[in-house]
Each structure stands twice: as C-alpha cells, then as structure tokens.
Amino acid sequence: MLNPVIAVTITDFFMFKETDKFVTNFVFKEKDESFTYKSNLIKLIFVELPKFHKNLAELETLIDKWIYFLKENSRLETIPEILGEVPEIERALNIANQANFSLE
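Residues numbered from 1 in each chain as written. Predicted model: local features only at pLDDT ≥ 70, side-chain atom pairs only at ≥ 80, totals over all residues. Heavy atoms only, no water.

### What to know about the pairing of strand β3 (residues 42–48)
Quick reminder of the rule: Should DSSP find at least two bridges between two strands, the strands are regarded as paired. The helix count covers DSSP runs of H or I at least four residues long, the strand count covers runs of E at least two residues long, and both are numbered beginning at the N terminus.
Here 7 bridges tie strand β1 (residues 5–11) to β3, and the two strands are oriented parallel to one another. Within β3, the position partnered with Ile-10 by the bridge is Val-47. Across 4 bridges, the pairing between strand β2 (residues 23–26) and β3 is antiparallel. Note that in β3 the partner of Asn-25 across the bridge is Ile-45.

As structure tokens, then:
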C-alpha cells in the first residue's frame, strides 16, 4: 500500500563525470550482498543542466522541452512556439516572468 517516492534532483553543475547523459536514473542495491531492490516504488532521478546542449530546433521529447525551459527560462521573454505546445511550460514561464525570475 506504499505510494511511489520519486526524487528529482536538478543540478547546475556536473555530478556524474562517468556519463554524458543529462538524465540519469538510479536503482537501489543492498549494501552488503549487492542485490537490486526490484520495486519501482523508489526512484532517484538526476538532471544535470550543464550536460544539456540542445537548441530549440533539436527539442524532441517532453523531457527535452522541460529541461530546455529550466536551463533557459531566465533568458526567455516570450515563449518559443515549440515550448508553447506544452501548456504547463507556458504557464510556468508566465509565473516566472511575473515573479521577475532571474538567475540571481
């Protein structure tokens, strides 16, 4: 009867130099015997913004669009058409603009 626990960590620095992937998903292993926790009830997901290098024309997935928004929102004054296709991103940009969201 447990609800899933999903932790999403977004960094503006490199965490995992072992991979070029900008989104990494981790599973749990038992410390002493090293068997994997097979349930999907607990997930750790890391998004490393410095590893994301796609421009607007290269955005394909919903994840690409959200990561682009998170990385570039302080530079956006209007919503690019490709991001405007996702109403939640457009709403997030409007909220960020109202709050004078900036890098600082």
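### Some details on a nonpolar patch on the surface
Test applied: Residues with no salt bridge and a relative accessible area higher than 30% make up the patches, which join like charges within 9 Å and nonpolar side chains (Val, Leu, Ile, Met, Phe, Trp, Tyr) within 5 Å. Computed with a 1.4 Å probe, the accessible areas rest on the Shrake-Rupley method; for each residue, only the protein chains presented here act as cover. Counted as salt bridges are all cases of a side-chain nitrogen of Lys or Arg within 4 Å of a carboxyl oxygen of Asp or Glu.
On the surface, Val-5, Phe-28, Tyr-37 and Ile-42 cluster together into a nonpolar patch covering about 320 Å² of accessible area. By the secondary structure assignment, Ile-42 is in strand β3.

### Some thoughts on the sheet that holds β2
The following threshold applies: Angles run from 0 to 180 degrees between N-to-C directions of axes, and those axes are lines fitted to C-alpha atoms, restricted for helices to the stretch in contact.
Within the open sheet, the 3 strands sit side by side as β1-β3-β2. Their pairing is mixed. In the strand order of this sheet, the two ends are held by β1 and β2, each with one partner. Taken pair by pair, the neighbouring strands of this sheet meet at an average axis angle of 15 degrees, ignoring direction.

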